[in-house]
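Results of the structural survey
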Amino acid sequence: GQQVMQIPQYQHVQEGEDFTTYCNSSTTLSNIQWYKQRPGGHPVFLIQLVKSGEVKKQKRLTFQFGEAKKNSSLHITATQTTDVGTYFCAGSAGNNRKLIWGLGTSLAVNP
Amino acid sequence: DAEITQSPRHKITETGRQVTLACHQTWNHNNMFWYRQDLGHGLRLIHYSYGVQDTNKGEVSDGYSVSRSNTEDLPLTLESAASSQTSVYFCASSESRVAGVSYNEQFFGPGTRLTVL
């Protein structure tokens, strides 16, 4: 079945360093979404990418959707302690309303 | 403001008991989902519904059931709780289209932490 692989599983950085997490799908996606889950919290939607090669920015966060619509990345510039949490990618194929979730990347930031 | 709520937030039960977790959303969303989250497994889909009277099995549906009698609620029932069902359970909802664009951002409830002893 459809799978979304996400790497790395864990990442420790010093505050101020950059961070990137990658998602790869076994099939072409119609869209990919990114969510953030703070420790003890619930996943919260960050962004959706729909177009091939799309790049979107939210302050220090940059999201990319690959040309083949099978991979995506989230890059955080100059991490802060408020960035701590687990970042999930989730994609859907065709008109499917279900999301296929990556396992998430847990980010720890040392002050 | 619209929201999605889950109750109870914490539950301890014994093996073999029937347990029902409530999920209520005021977004008026057609789509509702139940996930479980366990360390190392991410979010796994248990059941989902695309509208009233519609229910579908997800990837880990064994031992769970849902019913959708109205738009707002999708209760999750564990027929006979097992220790393997100790987990954090999240309910989510989404709308299929926004302003004519296919769009399925999911809004999550705060979660229910279930312990089966």
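First, a word on what this report is: a plain description of the structure on this page. On a predicted model such as this, the values are computed, not experimentally measured, just so you know.

**Observations regarding the side chain of serine 25 of chain A**
Residue and element names in this part refer to chain A. Secondary-structure assignment places serine 25 in strand β3 (residues 19-25). Serine 25 sits in the buried class, given a relative accessible area of 10%. In terms of polar contacts, serine 25 uses its side chain to reach the backbone carbonyl oxygen of threonine 27, at 2.6 Å. Residues within four places of serine 25 in sequence aside, it is in contact with Gln3, Val4 and Lys70.

**A closer look at the packing of aromatic side chains**
Under the counting rule described, the total for this entry stands at 15 aromatic pairs over all chains. Ring centres of phenylalanine 88 of chain A and tryptophan 101 of chain A lie 6.1 Å apart, and the angle between their planes is 80°; this geometry places the pair in the edge-to-face category. With a gap of 13 residues between them, phenylalanine 88 of chain A in strand β9 (residues 85-92) and tryptophan 101 of chain A in strand β10 (residues 100-101) connect regions that are remote in the sequence. No difference in accessibility class separates phenylalanine 88 of chain A from tryptophan 101 of chain A, as the two residues are buried. Ring geometry for tryptophan 101 of chain A and tyrosine 35 of chain B: centres 5.8 Å apart, planes at 80°, overall edge-to-face. Separated into two different chains, tryptophan 101 of chain A in strand β10 and tyrosine 35 of chain B in strand β4 (residues 31-38) make up a pair that spans both. Since its relative accessible area comes to 1%, tyrosine 35 of chain B is described here as buried. Ring pairing ties together the aromatic residues Tyr35, Phe45, Phe88 and Trp101 of chain A together with Phe33, Tyr35, Tyr48, Tyr50, Phe90 and Phe108 of chain B, which thus form one cluster. Note that arginine 97 of chain A overlies the ring of tyrosine 50 of chain B, its terminal NZ or CZ placed 3.9 Å from the centroid.

**Examining the side chain of threonine 112 of chain B**
Residue and element names in this part refer to chain B. Along the polypeptide, threonine 112 turns up in strand β13 (residues 112-116). With relative accessibility at 0%, the residue threonine 112 sits in the buried group. A polar contact is formed between the side chain of threonine 112 and the backbone oxygen of proline 8, at a distance of 2.6 Å. Ignoring anything within four residues of it in the chain, the contact list for threonine 112 reads Gln6, Ser7, Pro8, Arg9, Leu21, Ser87, Val88 and Tyr89.

**As for the pattern of salt bridges**
Considering all chains together, one arrives at five salt bridges over all chains under this definition. Measuring nitrogen to oxygen at the nearest pair gives 3.7 Å for the salt bridge that ties glutamate 54 of chain A to lysine 56 of chain A. Salt-bridge contacts for arginine 36 of chain B lead to aspartate 38 of chain B; the nearest nitrogen and oxygen are separated by 2.8 Å. Comparing arginine 36 of chain B with aspartate 38 of chain B shows no difference in burial state: the two are buried. Taken together, the shared-partner salt bridges connect Arg36, Asp38 and Arg44 of chain B into one network.

**Observations concerning the environment of valine 4 of chain A**
All names here are of chain A. Within the element layout of this structure, valine 4 appears in strand β1 (residues 4-7). You can call valine 4 buried: its relative accessible area is 8%. Along the sequence, valine 4 and tryptophan 101 sit 97 residues apart, while their C-alpha atoms lie 6.2 Å from each other.

**Re the sheet that holds strand β6 (residues 55-58) of chain A**
Residue and element names in this part refer to chain A. Ordered by their spatial adjacency, five strands build an open sheet running β1-β3-β8-β7-β6, and the pairing between neighbours is antiparallel. Edge positions in the sheet fall to β1 and β6, since each has one partner strand and no second. Each strand axis lies, on average, 15° off the axis of its neighbour in the sheet, ignoring direction.

**Considering the interface of chain B and chain A**
Counting residues at the interface gives 21 residues for chain B, matched by 17 residues for chain A. Here chain B meets chain A over a buried area of about 1700 Å², counting both sides, of which 52% is carbon and sulfur. Looking only at chain B, the three residues that lose the most surface to chain A are Tyr50, Asn104 and Phe108 of chain B, adding up to 29% of its buried area. Linking chain B to chain A there are zero salt bridges. Of all the secondary structure elements, the ones that give two or more residues to the side of chain B that touches chain A are β4 and β5 (42-51) of chain B. It is β5 of chain B that provides the largest number of residues to the side of chain B that touches chain A, a total of five residues.

**Comments concerning the environment of tyrosine 64 of chain B**
All names here are of chain B. Position of tyrosine 64 relative to the elements: it lies in strand β7 (residues 64-66). Judged by relative accessible area, tyrosine 64 falls into the buried class, the value being 8%. Measuring from C-alpha to C-alpha, the distance between tyrosine 64 and leucine 78 comes to 4.8 Å, with 14 residues separating the pair along the chain. The contact partners of tyrosine 64, leaving out residues within four places of it in the chain, are Arg36, Ile46, His47, Leu76, Thr77, Leu78, Gln85 and Tyr89. Among the polar contacts listed, one links the side chain of tyrosine 64 to the side chain of arginine 36, at a separation of 3.0 Å. At 2.7 Å, the side chain of tyrosine 64 forms a polar contact with the side chain of tyrosine 89.

Procedures and definitions
Residues numbered from 1 in each chain as written. Chains lettered and ligands numbered in written order. Predicted model: local features only at pLDDT ≥ 70, side-chain atom pairs only at ≥ 80, totals over all residues. Heavy atoms only, no water. Helix = DSSP H or I, 4+ residues; strand = E, 2+ residues; numbered from the N terminus. Buried < 20%, exposed > 50% of the residue type's maximum accessible area, 1.4 Å probe, protein only. Polar contact = N/O pair within 3.5 Å; in protein donor to acceptor, adjacent residues only side chain to side chain. Contact = heavy atoms within 4.5 Å. Phe/Tyr/Trp six-rings, centres within 6.5 Å; stacked < 30°, edge-to-face > 60°. Lys NZ or Arg CZ within 6 Å of the ring centre and 35° of its normal. Salt bridge = Lys/Arg side-chain N within 4 Å of Asp/Glu carboxyl O. Pairing = 2+ DSSP bridges. Axes fitted to C-alpha atoms, helices over the stretch in contact; angles between N-to-C directions. Buried area = accessible area lost by both parts, 1.4 Å probe.

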